[in-house]
Amino acid sequence: MAHFDVYISGEGLAEIDGHTLVPAPGQSVHEVVLDRLHGHAEDRAGAVVATVYDSPGAARFVLEVLPDGSSRVLEPEEEPSPEPEPEPEPEPEPELEPMAPSAAVPVATVVVPVSAADTASAVATAVARARATAAARAEVPDPAAVSAPAPATGLPADIAERIGRVNGLAADGRLDEAFADATALRESLTGSMGAEHPHAVEARAVEAYLAHLRGDHREAIVLALAVARIRCRARDGRAPAEVARAAAAWQQLDDDRAVVAHGRELLHMWDTLDRHGLLPPGYAALVGQVRRQVDALEAYA
């Protein structure tokens, strides 16, 4: 699997393996990075992995990007292991002249003490960070209040029938079967029409919501963000609702690195919609709550 190193500066520029990326007008640095990694994934017809250093001093995270444009932050146990560096050739030991007994020097053992104050400081920081995270998450609306995607109009009869069957399974509580059928439909449409074709996007939106209902929040955020990203680029009126659905899955993440990385993308999409007059006033409270949580986590990173 191809691996890239990404460095994002505080000036809105990015560097991927030594190549500088400059966002186009109206484009964020995170979008240009995702677009470039998506291009690498498409060229290789497989997933690529990037270690992202998001601004100087920020904690790094590892991002996987697939050829269909979806992305996710990898857990530590999923991160690819670095290739071991070759061990240096051992240098020949110098031959020493025997030391006379009268010149022998006693060897002292040096013990470096660990300050109790340092330990207490680390514990205090961890406790403060946990409190900030819990307080911020308590403010985010209950994800159960997020509605299902609105039924699309103008779909071909065969696709509408398959989506209807998926919805029927979900209504009967057969969420695993519904999710599997939605995934198969999305993969089929993506392969024949492309990931950003409206029909493929509709299928992905249904799949994301079903992942959310099943409690598979990592899968739900990846799918929902992909839908929201496409809707935002198209200046689609459904984009705010798609970002809100992504935020519902985001709320349930328990990996702070993923919360910060995906939270930044949520905020950027809302900011973009606001600049274009597409963000309804009722979303201001949700945006503020997400921003406070991301800020709280970054303050203790």
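Residues numbered from 1 in each chain as written. Predicted model: local features only at pLDDT ≥ 70, side-chain atom pairs only at ≥ 80, totals over all residues. Heavy atoms only, no water.

Leu37, Leu266 and Trp270 are the most contacted members of the largest nonpolar core, which has 66 residues in total. Here this core gets nine residues from one element, more than from any other, and that element is helix H8 (residues 256-275). The residues touching leucine 37, leaving out its near neighbours within four places in the chain, are Phe4, Ile16, Val48, Ala50, Leu63 and Val65. (Core = buried A, V, L, I, M, F, W, Y, C linked by side-chain atoms within 4.5 Å. Buried < 20%, exposed > 50% of the residue type's maximum accessible area, 1.4 Å probe, protein only. Helix = DSSP H or I, 4+ residues; strand = E, 2+ residues; numbered from the N terminus. Contact = heavy atoms within 4.5 Å.)

What follows deals with the environment of valine 6. Its place among the elements puts valine 6 in strand S1 (residues 2-8). The exposure class of valine 6 is buried, given its relative accessible area of 0%. With 46 residues separating them in the primary sequence, valine 6 and valine 52 have C-alpha atoms 4.7 Å apart. In this view, valine 6 contacts Glu15, Ile16, Val33, Ala50, Thr51, Val52 and Tyr53; residues no more than four positions away in its chain are not counted.

With 71% of its residues at a pLDDT of at least 70, the chain reaches an overall mean of 76. The spread of mean pLDDT over the elements of the chain runs between helix H2 (residues 116-139), the lowest at 42, and helix H4 (residues 175-193), the highest at 94. Here residues 92-133 is modelled with pLDDT under 50, and outside its nearest four sequence neighbours on either side it reaches 11 contacts, counting other chains as well. Within the model, the stretch residues 135-145 combines pLDDT values under 50 with 21 contacts to residues more than four positions away or in other chains. (pLDDT = per-residue confidence, 0-100.)

What follows covers the packing of helix H6 (residues 217-233) against H8. Running from N to C, H6 and H8 cross one another at 20°; their axes reach a closest spacing of 11 Å. One element, H6, and the other, H8, form an angle in the roughly parallel class. Once H6 is placed against H8, the crossing between them reads as left-handed. Together, Ile221, Leu225, Ala228, Arg229 and Cys232 of H6 and His262, Glu265, Leu266, Met269 and Leu273 of H8 make up the contact between the two elements. The residue makeup of the contact of H6 with H8, split by class, is seven nonpolar, one polar and two charged. (Axes fitted to C-alpha atoms, helices over the stretch in contact; angles between N-to-C directions. Parallel < 35°, antiparallel > 145°, perpendicular 65-115°, else oblique. Left-handed = near helix turned anticlockwise from the far one by under 90°. Nonpolar A, V, L, I, M, F, W, Y, C, P; charged D, E, K, R; others polar.)

Its place among the elements puts alanine 47 in the loop between helix H1 (29-44) and strand S4 (48-54). With 10 residues separating them in the primary sequence, alanine 47 and leucine 37 have C-alpha atoms 9.3 Å apart.

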